[in-house]
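Single-letter residue listing:
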Amino acid sequence: MSEKQTRAEHRSRPTSAAFRRFVASGWAPRDETPPAAAKAAPYASRRREQLSAAFPGERLVVPAGGLKVRSNDTDYVFRPHSAFAHLTGLGADREPDAVLVLEPTDGGHEAVLYFRPLAGRDTDEFFADSRVGEFWVGARPTLASMAAELALATRPLEELADSLAKDAGGVRLRVVRDADAEVAALVDRVRRESGEQQATEAAQAAGQPAEEDDLALARFLSTMRLVKDEWELEQMAQAVAATAEAFDAVVAGLPEAVRRGRGERWVEGVFGLHARHRGNGVGYDSICAAGDHATTLHWIRNTGEVREGELVLLDAGVEVDSLYTADVTRTLPVSGSFDDTQRMVYEAALEAQQAGLEAVRPGNRFSDVHAAAIRVIATRLHEWGLLPDGVDVETTLDAEKGQYHRRWMVHGTSHHLGLDVHDCALALREDYLDGELRPGMVLTVEPGLYFKADDLLVPERFRGIGVRIEDDVVVTEDGCRNLSAMLPRRPEDVEAWVRAGGRRG
Ligand code: GLY
Ligand code: MN
Ligand code: MN
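Residues numbered from 1 in each chain as written. Chains lettered and ligands numbered in written order. Predicted model: local features only at pLDDT ≥ 70, side-chain atom pairs only at ≥ 80, totals over all residues. Heavy atoms only, no water.

On to the coordination of the manganese ion (ligand 3). Within the protein, the manganese ion (ligand 3) binds to Asp327 (OD), His415 (NE2), Glu446 (OE) and Glu470 (OE); these donor distances fall in the range 2.0 to 2.1 Å. Coordination geometry of the manganese ion (ligand 3): the six donor atoms subtend angles of 51 to 157° at the metal centre, consistent with an arrangement described as irregular. We note that the donor set of the manganese ion (ligand 3) lies within a single chain, spaced as D-x87-H-x30-E-x23-E. Taken as an interatomic distance, the gap from the manganese ion (ligand 3) to the manganese ion (ligand 2) is 3.2 Å; aspartate 327 donates to each of them. Of this pair, glutamate 446 sits in the loop between strand E13 (442-445) and strand E14 (448-451) while glutamate 470 sits in the loop between strand E15 (465-468) and strand E16 (471-475), and the two are 24 residues apart along the sequence. For glutamate 470, a relative accessible area of 0% gives the class buried. (Donors = N, O, S within 2.8 Å, 3.2 Å for Na, K, Ca; no water. Tetrahedral: all angles 85-135°; square planar, octahedral: opposite > 155°, others 65-115°. Helix = DSSP H or I, 4+ residues; strand = E, 2+ residues; numbered from the N terminus. Buried < 20%, exposed > 50% of the residue type's maximum accessible area, 1.4 Å probe, protein only.)

If you want it as structure tokens, here you go:
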């Protein structure tokens, strides 16, 4: 449920009976034509079928989550939990406090969405509730319109508690715990108060506490998202296309970023403008890192200058309205050309990325992508004489014998990408890191090299250079397709892009 907000005493809303009658009257009738089913609806339905088959006879509870207070009586923009978005097809802003329940039936499950439907114009909420009221935040869907849009059953939120408690003694309950603490507490209360306690105790005796049940549900939902369906791949393509345009705008704005000062914030703002215009916003806080800031992997403070002669690393992605996000990095020479050391480091990262991209194909493991990329990184660092004396490439690559090269690329090369920028995070090692790549998986390939300004183990000319190149790829039947290939990657193409003010050649 939504977090509590302060109720300020100094605010007053009119309460007279005359005002209530007046504010409730004189409105045009509502359009009750049901909306067409959402394009995502049949895909979400198939995902629910997959879930249903994995947990027969159990009641599965997947909350959207509630509004979170940002400050006093203002909330953050609402974003539903990704599992909820995946199983309903609902995206940006929808629907605070809603809860999807898969109710066990003889043949499988019935999906029921509990939510707060549109309130009547004769309610106080209509005009007086600044958090959810129509005057303040806009109209919500009715039960009928939501049912038509998502092609599932809908019920008012106030019925949720009783529905969860129904026959609870004989039905095992599982909840996505991290989506909504109050719904998780409600499920725990039902478990305690019902005969399901016995089932839980029996399960506990068998080493399976209720939290483990919930974790198994969350794991299944996370693992299910490893392979994207056709609709998801289309969303990913749209997210990447919007991201590419936002990158163009940033490149066009580099001179202005230099001129204005605090240029990293300018870069962040330009990207954010396009992300918000083309999609729901940024999929994660943009990393706009100029000069030595690029050696801080998640530099999101973005308080620095953008200076001529330096590199600016932009790691950013547009999240589209369905909440799928891109995650792309380009490292740009602010003045339009790399100097010799910048180019050498850039070319090493690019060569590593190419090796990683070539390892993305069915049959290979996810971890093979990193292995291919990091071998290039280790080889170049060895050639440059940066590894400790007597350490060769095979030694440093040996997991037990050093991994010295990781000082300059401490992060992994890839992660799954989708509704979450680091998608499928609860999938087990056997399905993720050690899992085989399969068509429809979407992952990043993003090696880098980072030489901090205070790193005394590298020659001075390396210091303060950070480079990462990140693309988003979909695994195909015989390799991969680079969704972000429209953005320049080769150093000469990146230079031409910067010199042309963001026009791609
Ligand atoms: N933007 C964070 C990452 O690349 O994983
Ligand atoms: Mn990134
Ligand atoms: Mn990434």
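Our next topic: the coordination of the manganese ion (ligand 2). Listed as protein donors to the manganese ion (ligand 2) are Asp315 (OD), Asp315 (OD), Asp327 (OD) and Glu470 (OE); their distances from the metal cover 2.0 to 2.3 Å. Taken together, the six donor atoms coordinating the manganese ion (ligand 2) and their angles of 58 to 172° define a geometry best described as irregular. Between consecutive donors of the manganese ion (ligand 2), the numbers of intervening residues give the motif D-x11-D-x142-E.

Ligand 1 sits among Tyr284, Asp315, Asp327, His415, His422, Glu446 and Glu470. Between aspartate 327 and ligand 1, the recorded distance is 3.2 Å, taken from a side-chain N or O atom to an oxygen atom. In this structure, glutamate 446 approaches ligand 1 through a side-chain N or O atom, which is 3.0 Å from an oxygen atom. Out of a free accessible area of 200 Å², ligand 1 has 91% covered by protein chains. Of the residues contributing to the shell around ligand 1, the split by class is one nonpolar, two polar and four charged. (Near = heavy atom within 4 Å. Polar contact = N/O pair within 3.5 Å; in protein donor to acceptor, adjacent residues only side chain to side chain. Areas by Shrake-Rupley, 256 points an atom, 1.4 Å probe, with all protein chains shown as cover. Nonpolar A, V, L, I, M, F, W, Y, C, P; charged D, E, K, R; others polar.)

Here three strands make up an open sheet; going across it, the order is E13-E16-E17 and the pairing antiparallel. A strand with exactly one partner marks an edge of an open sheet, and here the two such strands are E13 and strand E17 (480-482). Each neighbouring strand pair of the sheet contributes to a mean axis angle of 35°, computed without reference to strand direction. Relative to E16, E13 runs antiparallel, the two being bridged by four bridges. Its bridge partner being in E16, leucine 443 is matched across the sheet by valine 473. (Pairing = 2+ DSSP bridges. Axes fitted to C-alpha atoms, helices over the stretch in contact; angles between N-to-C directions.)

The next subject is the packing of aromatic side chains. For the structure on display, the rule yields twelve aromatic pairs. Measuring from ring centre to ring centre gives 4.9 Å for phenylalanine 366 and tyrosine 432, while their planes differ by 80°; the resulting arrangement is edge-to-face. In this pair, phenylalanine 366 is assigned in helix H15 (residues 366-383) and tyrosine 432 in the loop between helix H16 (393-397) and E13, connecting sequence segments 66 residues apart. One cation-aromatic arrangement involves arginine 46 over tyrosine 43; the distance from NZ or CZ to the ring centre is 5.0 Å. (Phe/Tyr/Trp six-rings, centres within 6.5 Å; stacked < 30°, edge-to-face > 60°. Lys NZ or Arg CZ within 6 Å of the ring centre and 35° of its normal.)

Further remarks concern the sheet that holds strand E10 (residues 311-316). Neighbouring strands of a sheet are bound in pairs by backbone hydrogen bonds; such pairs are parallel or else antiparallel. Taken in spatial order, the three strands line up as E9-E10-E12 in an open sheet, and their pairing is antiparallel. Unpaired on one side and paired on the other, strand E9 (287-290) and strand E12 (328-333) mark the two borders of the sheet. Shown here is a sheet whose adjacent strand axes are inclined to one another by a mean of 10°, direction ignored. Across the face of the sheet, helix H13 (residues 263-278) comes into contact with E9 and E10 while running at roughly 150° to E9. (Contact = heavy atoms within 4.5 Å.)

It is worth spelling out unusual backbone geometry at this point. The peptide bond linking arginine 94 to glutamate 95 adopts the cis configuration, its omega dihedral lying at 0°. Structurally, the position occupied by glutamate 95 is in the loop between helix H3 (82-88) and strand E4 (99-104). For asparagine 72, which is not glycine, the phi torsion reads 50° and is therefore positive. Structurally, asparagine 72 can be placed in the loop between strand E2 (69-71) and strand E3 (74-75). What makes asparagine 72 partly exposed here is its relative accessible area of 44%. Look at asparagine 302: it is not a glycine, yet its phi comes out positive at around 55°. Along the polypeptide, asparagine 302 turns up in the loop between E9 and E10.

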